[in-house]
Amino acid sequence: MSNRIRDAFDDVHAEKELKEHTKEYLRRKVYQRKRTLWTAPVRAAAAAVCLFLVVLAGGSWLYLVPTAYISIDINPSLELGVNRFDRIVSVEGFNDDGVRLAEQLDIKYMDYNDALEQILSDQSVEDYLAGNDLLSVTVVCDNEAKNSEIVEHVESCTASHSSVSCHSGSTEEMHDAHEAGLSFGKYRVYLELKELDPDITPDDIRDLSMREIQDRIDSLSGEDSASSDENTDVPESTGVSDDTDGEGGHHSEEHEGGQENRHRHN
């Protein structure tokens, strides 16, 4: 009786061991199957997705990053960021009128020539041009060939408008302008004005039209010219007399004689 019971318990123990071994065997098989399923196909798919994201990000970077800038200043001061495909990717206003105009325009992703024509046809810009105001268009691009190309196109686009000037500049100068809170085109004339009036600040001219700034430059330059003319006239009004000429000639002769004496001494 006791032997049969012992044998029965041994059978139960064997069944438990068999179950454990079976579980371990199945676990290994399932794990190996999962590893097999997740290696080649899944890794290939993951690599493809990663490559797609890299290409997408790279393409977006190429398209969205400006490689040139066009500063348009009349009283609205605008700067357009142009990508390598000649498309507008940023529009920024640098004074109140410029911000309002930037919000009204629908030129993003437009070819910069078409965008410039739309800006020139805006009512506020047309009003300034009709009032004989000055329009300044400044191109900034580190690539000299591209810079020349954009300037040429800008000049062609603005040829039918009077009182328009086109310029080019460097990225470093543009950064200095932005630190001063000005568009590059307005910063250029600000520096010209500051040479004549050292007390002028960017805040003083930020909301002035280009005509108003140029009038200040012309006014200060005229005062300087007048004072220069007065200084030039002084010798003419004080010096021309026979005695002065004689003294001047005598002084020259003494100077020449001194030189002759030195030569003889040597």
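Rules used throughout
Starting from 1, residues in each chain are numbered consecutively following that chain's sequence as written. Per-residue local features are limited, in this predicted model, to residues with pLDDT of at least 70; the limit for side-chain atom pairs, both in listing and counting, is 80 or more; totals at the level of whole chains, interfaces and linings are taken over all residues. Excluding hydrogens and water, the side-chain values take into account all heavy atoms of the structure. To define a nonpolar core, start from buried Ala, Val, Leu, Ile, Met, Phe, Trp, Tyr and Cys residues and group those joined through side-chain atoms within 4.5 Å. Summary of the burial criterion: residues with accessible area below 20% of their type's maximum are buried, those above 50% are exposed, and those between are partly exposed, where the area comes from a 1.4 Å probe applied to protein chains only. Numbered from the N terminus, helices here are DSSP runs of H or I no shorter than four residues, and strands are runs of E no shorter than two. Should any heavy atoms of two residues lie within 4.5 Å, those residues are counted as being in contact. When a carboxyl oxygen of Asp or Glu is within 4 Å of a side-chain nitrogen of Lys or Arg, the pair counts as a salt bridge. Pairing of aromatic side chains here covers Phe, Tyr and the six-membered ring of Trp, requires ring centres within 6.5 Å, and sorts the geometry by plane angle: under 30 degrees stacked, over 60 edge-to-face, intermediate tilted.

### A look at the nonpolar core
Okay, step 1: Ile70, Ile72, Leu80, Ile119, Leu135 and Ile150 are the most contacted members of the largest nonpolar core, which has 27 residues in total.
Okay, step 2: Mapped by element, the contributors of at least two residues to this core are strand E1 (68-73), strand E2 (77-82), helix H2 (96-104), helix H3 (112-120), helix H4 (123-130), strand E4 (135-140) and helix H5 (144-157).
Okay, step 3: The leading source of residues in this core is H3, at 5 residues.
Okay, step 4: Excluding anything up to four places from it in sequence, isoleucine 150 contacts Ala68, Ile70, Tyr112 and Val139.
Okay, step 5: Ranked by size, the runner-up nonpolar core spans 16 residues in total, among them Tyr187, Leu208, Met210 and Ile213.

### A closer look at the pattern of salt bridges
Okay, step 1: Counted under the stated rule, the structure contains 4 salt bridges.
Okay, step 2: The partner of lysine 146 in a salt bridge is aspartate 86, and the shortest N-O contact between them spans 2.7 Å. Of this pair, lysine 146 sits in helix H5 while aspartate 86 sits in the loop between E2 and strand E3 (88-93), and the two are 60 residues apart along the sequence. Note on accessibility: lysine 146 and aspartate 86 belong to one class, buried.
Okay, step 3: With a closest N to O distance of 2.3 Å, aspartate 203 and arginine 206 form a salt bridge.
Okay, step 4: Taking relative accessible area as the criterion, aspartate 203 reaches 56% and is therefore assigned exposed.
Okay, step 5: One salt-bridge network, in which partners are shared between bridges, spans Asp86, Lys146 and Glu149.

### Here we look at the packing of aromatic side chains
Okay, step 1: Counted under the stated rule, the structure contains 3 aromatic pairs.
Okay, step 2: Taking 6.1 Å as the distance between ring centres and 40° as the angle between the ring planes, the aromatic pair formed by tyrosine 63 and tyrosine 109 counts as tilted. Of this pair, tyrosine 63 sits in helix H1 (residues 2-64) while tyrosine 109 sits in the loop between H2 and H3, and the two are 46 residues apart along the sequence.
Okay, step 3: Each ring, one from tyrosine 187 and one from tyrosine 190, has its centre 5.9 Å from the other, and the planes form 35°; the classification is tilted. With tyrosine 187 and tyrosine 190 both in helix H7 (residues 184-196) and 3 residues apart, the pair spans about one turn of that helix.
Okay, step 4: A relative accessible area of 12% means that tyrosine 187 is categorised as buried.
Okay, step 5: One aromatic cluster is present, built from ring pairs that chain together Tyr63, Phe85 and Tyr109.

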